[in-house]
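Listed here are the chains, written in short residue letters.
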Amino acid sequence: MGRQKQSSIVKYVANYFFVILLILSFVLLGFVVFLSNQLTTISIRRELNIELRQNAKYMKFDDSGSYVLDEEFMFEDEEWKYVVLDEKGSLLEGSYPLGFPEDLEVSSEKLRELKVNGTSYYVQDRKSSHHPFAIRCIVEKSKINLTYDNVIYLTWGFVLLIVGMSIVLWKILERHELRQVHQMVEEVGQIGKGINLSKRMEYDGRFVEIFSLVEANNRMLERLEDMFENQKRFTSDVAHELRTPITVLMAECEYAQPQMQKDEEVKEAFQLIERQVKKMNNIVVQMLNLSRLDQDKMEPELEWMDLGELVYAVCDDASIQSEKQVTFQIEIAPHFNVYADIGLMFILIQNLVDNAVKYGASQGTIWIWSEESEKEYLLHIKDEGNGIEEENLEKVFQRFYRVEKNELIEGFGLGLSLVKRIAEKHHGAVTAKSVPGIGSTFTLHLPKHMDEKKSRRNKYENFLL
């Protein structure tokens, strides 16, 4: 069974409401048009019959069955034209409009509409009840329809006004009732990104189902927050507990090595211990840094710095310490200044460069270049390693996650997690792109327009919190 395409519940409800409203509006308009046309026809026929009755008063009949027209009998005025016919429809007196058919039969049952030479006419007949004569009234449709057309237009305008008012009311209801749904979606998005896990969703609307969902979600968030807090405390406690004995071991190794110069086996053993202790110390330092960042104990001290100089310094150290003999191709714009914490940026760049060296090819090349857009500064670091599968790209920033489970590659899966947290502390981000078999590119995004005033305000707000 295929998965249904997902869409916004707000848009879903709004679209369906709008479609239903549109259909009802068209049905209502159609009904109004039909009703208006029927009423117009009835009204016009009634008006013509009144005019015919009024004119028929001036038609007199004698005992022989002949008729006599008084002087007040009208054959024509501004709108109306009258003719006298026999029972077969033959013209006896009066005149038709130009081109009008003279063989039209007499019918007083209904209002007729004829089109002659491009002009539409209404035709209504009135038969004499006792004599074989009839009076026919002819009027141009455009002249008599003007008043009724205005009525129809007013009716249409009224219907459209009702539709418009319905849409306005819907928008008001949408803001009042669905505004909280929008807010809930934003809050879930922030919680999902880890911006504020302590935030709780609120709902004071009228829908029981949404209220139950909010309550269940808040209970789940409480459990998750407890779990994360326990994890943070565990990481911090473990790191602090491990650092002291590691420091002692490192000091003792450094002290003992000069005393053991004559015994090569003991010397190699102490060198191995020292390397492993340094490795463990690096892991503990990263765990401590992550713990401090998570608990907001390490706030950035922002200042203007040349990111290019920092990159060159880190790459020089990596070239000396690395056994892979990698080559760095660096193209960074002169005076590539960013507003950041130098210490944290050093940790971030060092981890990205170390990651490129670790997973890059031996005697390969690492490219580092800068870029600048309208809204942000970009720093790209590209290696020639095995690359990362697309489904693993997001996971590389998770703690303790390693793509390659290779014992020859040092690391504990904390470096990129630390990079991500430092970037977030600077209101930036780190993204990754990779092509398996070719290599990976990690990009640091730092926002522009972050002045010192804004930084001081953020520090003051954090201090108040």
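Refer to the structure above for everything that follows.
Quick caveat: nothing in here was measured; it's all calculated off a predicted structure.

(A) Structural view of the overall build of the protein chain. Scanning the protein chain from N- to C-terminus turns up eight helices and 14 strands. For the protein chain, with 465 residues in total, the buried portion stands at 36%. If you take every contact in the protein chain between residues at least 6 apart in sequence, the share linking residues at least 24 apart comes to 61%. Accessible surface computed for the protein chain: about 30200 Å², of which carbon and sulfur atoms make up 55%.

(B) A look at the pairing of strand β13 (residues 429-435). Going residue by residue along β13, you find Val 430, Ala 432 and Ser 434 tucked away on one face and Ala 429, Thr 431, Lys 433 and Val 435 left uncovered on the opposite face. The pairing of β13 with strand β14 (residues 439-447) spans seven bridges and is antiparallel. The residue of β14 that forms the bridge with Val 435 is Gly 439. Hairpin connection between β13 and β14: a loop of three residues separates the two successive antiparallel strands, and Gly 437 in this loop has a positive phi of roughly 90°.

(C) Expanded view of the side chain of Lys 81. Here Lys 81 is to be found in strand β3 (residues 80-86). Note on Lys 81: relative accessible area 14%, which makes it buried. Only 3.1 Å separates the side chain of Lys 81 from the side chain of Glu 76, close enough to count as a polar contact. Once you skip the residues sitting within four places of it in the chain, Lys 81 turns out to touch Phe 75, Glu 76, Ser 95, Tyr 96, Pro 97, Arg 136, Cys 137 and Ile 138.

(D) Molecular detail of the nonpolar core. Core analysis: the largest hydrophobic core is formed by 41 residues, its most contacted members being Phe 328, Met 345, Val 353 and Ile 368. It is helix α6 (residues 342-359) that contributes the most residues to this core, eight residues altogether. The contacts of Met 345, once residues within four sequence positions are left out, are Met 305, Leu 307, Leu 310, Ala 340, Ile 422, His 426, Leu 444 and Leu 446. Listed in part, the 16 residues of the second largest apolar core include Ile 44, Phe 73, Val 84 and Cys 137.

(E) A look at the pattern of salt bridges. By the definition in use, this model includes six salt bridges. A salt bridge links Glu 372 to Lys 448, with the nearest nitrogen and oxygen atoms 2.7 Å apart. In this pair, Glu 372 is assigned in strand β11 (residues 365-372) and Lys 448 in the loop between β14 and α8 (452-464), connecting sequence segments 76 residues apart. Residue Glu 424 is joined to Arg 421 by a salt bridge in which the shortest nitrogen-to-oxygen separation is 2.8 Å. One end of the pair is Glu 424 and the other is Arg 421, both in helix α7 (residues 415-425) and three residues apart, which spans about a single turn. Several salt bridges converge on common partners, so that one network encompasses Arg 112, Asp 125 and Arg 136.

(F) Representation of the packing of aromatic side chains. For the structure shown, the criterion picks out eight aromatic pairs. Taken together, a centroid distance of 5.0 Å and an interplanar angle of 65° make the contact between Phe 73 and Phe 75 edge-to-face. Through a chain of ring-to-ring contacts, three or more aromatic side chains come together here, namely Phe 61, Tyr 67 and Phe 133. Between the NZ or CZ atom of Lys 448 and the centre of the ring of Tyr 377, over which it lies, the distance is 5.3 Å.

(G) Focus on the packing of α6 against α7. At a minimum axis separation of 9 Å, α6 and α7 run at an interaxial angle of 145°. Of the two elements, α6 crosses α7, and the hand of that crossing is left-handed. The residues of α7 that touch α6, namely those facing Leu 344, Met 345, Ile 347, Leu 348, Asn 351, Leu 352 and Asn 355, are Gly 415, Leu 416, Leu 418, Val 419, Ile 422 and Ala 423. Here the contact of α6 with α7 is composed, by residue class, of ten nonpolar, three polar and no charged.

(H) The sheet that holds β13, seen in detail. The five strands lie next to each other as β9-β11-β12-β14-β13, forming an open sheet whose pairing is mixed. Edge positions in the open sheet fall to β9 (327-331) and β13, since each of these has one partner strand only. Along the sheet, successive strands turn relative to each other by an average axial angle of 15°, direction set aside. In the sheet, β9 pairs with β11 via five bridges, with the strands oriented parallel. Note on β11: the bridge partner recorded for Thr 327 is Thr 365. Here helix α5 (residues 307-321) sits on the sheet and contacts β9, β11 and β12 (376-382); the angle it forms with β9, its principal contact strand, is near 175°. Running over the sheet, α6 touches β9, β11, β12 and β14 and is turned about 170° from β14.

(I) The arrangement of α5 in detail. Over its 15 residues, α5 extends 21 Å from the first C-alpha to the last, a length consistent with the 21 Å expected when each residue adds 1.5 Å. Taken residue by residue, α5 has Leu 307, Gly 308, Leu 310, Val 311, Val 314, Cys 315 and Ala 318 as its buried positions. For α5, the arc enclosing every buried residue in end-on projection is 155°, short of the 170-degree limit, so these residues lie on one face. Relative to its buried face, α5 has exposed residues pointing more than 90 degrees away, namely Glu 309 and Ile 320. Where α5 starts, the residue carrying a side-chain oxygen 2.9 Å from the main-chain nitrogen of Gly 308 turns out to be Asp 306.

(J) Quick look at a nonpolar patch on the surface. A cluster of nonpolar side chains, contributed by Leu 28, Phe 31, Phe 34, Leu 35, Leu 39 and Ile 42, occupies part of the molecular surface with about 590 Å² of accessible area. Looking at where Ile 42 falls in the secondary structure, it is placed in helix α1 (residues 9-56). Using a relative accessible area of 54% as the deciding quantity, one classes Ile 42 as exposed.

(K) Just the packing of α5 against α6, in detail. The interhelical angle for the contact between α5 and α6, taken along N-to-C directions, is 45°, at an axis separation of 10 Å. With respect to each other, α5 and α6 are oriented oblique. For the pair α5 and α6, the crossing hand works out as right-handed. Packed against α5, whose contacting residues are Leu 307, Leu 310, Val 311, Val 314, Cys 315 and Ala 318, the element α6 presents Ile 342, Met 345, Phe 346, Ile 349, Gln 350 and Val 353 at the interface.

(L) Highlighting the environment of Leu 21. Relative to the elements of secondary structure, Leu 21 occurs in helix α1. Using a relative accessible area of 14% as the deciding quantity, one classes Leu 21 as buried. Residues Leu 21 and Val 163, spaced 142 residues apart in sequence, show a C-alpha to C-alpha distance of 7.6 Å. Those residues in contact with Leu 21, other than ones at most four positions away along the chain, are Val 163, Ser 166 and Ile 167.

Analysis parameters
- Along each chain, numbering runs from 1 in the same order as the chain's sequence is written.
- Totals for whole chains, interfaces and linings use all residues, but because this is a predicted model, local features are given only for residues with pLDDT of at least 70 and pairs of side-chain atoms are given and counted only at 80 or more.
- As a convention, hydrogens and water are excluded, and side-chain values are obtained from all of the structure's heavy atoms.
- Numbering of helices and strands runs from the N terminus; a helix is a DSSP stretch of H or I covering at least four residues, while a strand is a stretch of E covering at least two.
- Note on classification: 1.4 Å probe, protein chains only; a residue is buried when its accessible area is under 20% of the maximum for its type, exposed when over 50%, partly exposed between these limits.
- Note on definitions: a residue-residue contact is assigned when non-hydrogen atoms from the two residues lie within 4.5 Å.
- Here, Shrake-Rupley sampling with a 1.4 Å probe gives the accessible areas, and only protein chains in the shown set may cover a residue.
- Two strands qualify as a pair provided DSSP detects at least 2 bridges between them.
- The term polar contact refers here to a pair of N or O atoms within 3.5 Å; inside protein, the definition further demands a hydrogen-donor-capable atom paired with an acceptor-capable atom, and it admits residues adjacent in sequence only when both atoms are side-chain atoms.
- We define a nonpolar core as any set of buried Ala, Val, Leu, Ile, Met, Phe, Trp, Tyr and Cys residues linked to one another through side-chain atoms lying within 4.5 Å.
- Here, a salt bridge means any Lys or Arg side-chain nitrogen found within 4 Å of an Asp or Glu carboxyl oxygen.
- Side-chain rings of Phe, Tyr and Trp (the six-membered ring for Trp) are treated as a pair once their centres are within 6.5 Å; stacked means planes under 30 degrees apart, edge-to-face means over 60, and tilted covers the remaining angles.
- Working rule: Lys NZ or Arg CZ, within 6 Å of ring centre, within 35 degrees of ring normal, means a charge sits over the ring.
- Orientation is described by lines fitted to C-alpha atoms, with helices fitted over the stretch in contact, and by angles between N-to-C directions that extend from 0 to 180 degrees.
- By definition, any crossing whose near helix is turned counterclockwise from its far helix by less than a right angle is left-handed, and any crossing with a clockwise turn is right-handed.
- All amino acids are sorted into three groups, where Ala, Val, Leu, Ile, Met, Phe, Trp, Tyr, Cys and Pro are nonpolar, Asp, Glu, Lys and Arg are charged, and the leftover types, Gly among them, are polar.
- Each helix should span, by expectation, one fewer than its residue count multiplied by 1.5 Å.
- By construction, the arc corresponds to the directions joining the helix axis to the C-beta atoms.
- Patches in this entry comprise residues that are over 30% relatively accessible and not in a salt bridge; like charges within 9 Å are linked, as are nonpolar side chains (Val, Leu, Ile, Met, Phe, Trp, Tyr) within 5 Å.
- Orientation is classified from the angle alone, with under 35 degrees giving roughly parallel, over 145 giving roughly antiparallel, 65 to 115 giving roughly perpendicular, and any other angle giving oblique.

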